[in-house]
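Here is what each chain is made of, one letter per residue.
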Amino acid sequence: IFINYLKNSEQSQRIREGCNIVIGTPGRMKDFLEKGVIDASEAQFLVLDEADRMLDQGFGPDIREINAYLPPKDTGKRTTALFSATFETAIQSAAQDYLRPNYIFVAIGIIGGANTAVTQQFEQLQKREKFNRTVEICKQNQGKRTLIFVATKIFADSLGSMLVGDGIKATTIHGDRQQRDREQAINDLKVCV
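Notes on the structure follow. (Residues numbered from 1 in each chain as written. Predicted model: local features only at pLDDT ≥ 70, side-chain atom pairs only at ≥ 80, totals over all residues. Heavy atoms only, no water.)

1. Describing the packing of aromatic side chains
In this structure the tally under the stated criterion is zero aromatic pairs. R28 extends its terminal NZ or CZ atom over the ring of F32, reaching a point 5.8 Å from the ring centre. (Phe/Tyr/Trp six-rings, centres within 6.5 Å; stacked < 30°, edge-to-face > 60°. Lys NZ or Arg CZ within 6 Å of the ring centre and 35° of its normal.)

2. Details of helix α7 (residues 153-165)
Relative to the 18 Å expected for 13 residues at 1.5 Å per residue, α7 spans 18 Å between its end C-alpha atoms, a close match to the ideal helical length. As for α7, its buried residues are in contact with α6 (130-140). (Helix = DSSP H or I, 4+ residues; strand = E, 2+ residues; numbered from the N terminus. Expected span 1.5 Å × (residues − 1). Contact = heavy atoms within 4.5 Å.)

3. Quick notes on the pattern of salt bridges
Scanning the entire structure with this criterion turns up nine salt bridges. For the salt bridge of D62 with K30, the shortest nitrogen-to-oxygen distance reads 3.4 Å. Taken together, the residues D62 in helix α4 (residues 60-68) and K30 in helix α2 (residues 26-35) connect sequence positions 32 residues apart. A salt bridge links E123 to R133; the shortest N-O distance between them is 2.7 Å. Here E123 is found in the loop between α5 (89-95) and α6, whereas its partner R133 is found in helix α6, with 10 residues between them in sequence. Here the salt bridges do not stand alone but share partners, grouping K30, E34, D62 and E65 into one network. (Salt bridge = Lys/Arg side-chain N within 4 Å of Asp/Glu carboxyl O.)

4. As for the side chain of T134
Tracing the backbone shows T134 in helix α6. Assessed through its relative accessible area of 17%, T134 is described here as buried. Setting aside chain neighbours within four positions, we find T134 in contact with I148, L159 and L163. (Buried < 20%, exposed > 50% of the residue type's maximum accessible area, 1.4 Å probe, protein only.)

5. Considerations on the layout of surface pockets
Considering only enclosed or pocket space, the second largest pocket measures out at about 1300 Å³ in volume. Lining the second largest pocket are 27 residues, with Q121, I137, L147, I148 and F149 sitting closest to its centre. Among the secondary structure elements, those contributing two or more residues to the lining of the second largest pocket are α6 and α7. Looking at which element gives the most residues to the lining of the second largest pocket, the answer is α6, with five residues. Across the lining of the second largest pocket, the residue classes tally to 14 nonpolar, seven polar and six charged. (1 Å grid on protein atoms, 1.4 Å probe; cavity = no way out; pocket = protein on both sides within 12 Å on 5 of 7 lines; lining within 4 Å. Points joined across faces, edges and corners; volume = space filled by probe spheres on them. Nonpolar A, V, L, I, M, F, W, Y, C, P; charged D, E, K, R; others polar.)

Right under this line is the structure:
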């Protein structure tokens, strides 16, 4: 159950009906555990996606509280999986609280290193300059696949619409789009150029 996409009462009802997997934000999970909506005493897996961000950006206390509702890490009754694109040393140390002493660390590439096939450039702009500069960059790179990361879903949709309106082939992908639309966006990226 993706609890964050349902209304509060629907979330509780769906969970009480029974499920094998619950996916949600740390705050919502903590709330449901505290209220007894979720019984995690027999949970076999704890999965943290974007674990570095969760542990680094203030979710550590919530995750520690969630962890207290789960079988202890040393019993062998629970597997913990932490996923992250980056995993700095300080965050690896914080992650030890959730992992068994003999955990397995799998890394692809250099931790914290950039992919050499990706060109990175940083420009500091005023808010009003961003759209025009984005259009310039896209036009300069016409014929090349370009990924643009933005902070919000609303801005992703706005920017996508503005780029298309400016004659640039563009599409968006984010969590508010239906799965089939996200898959179409990925396919569009393959043929967008």
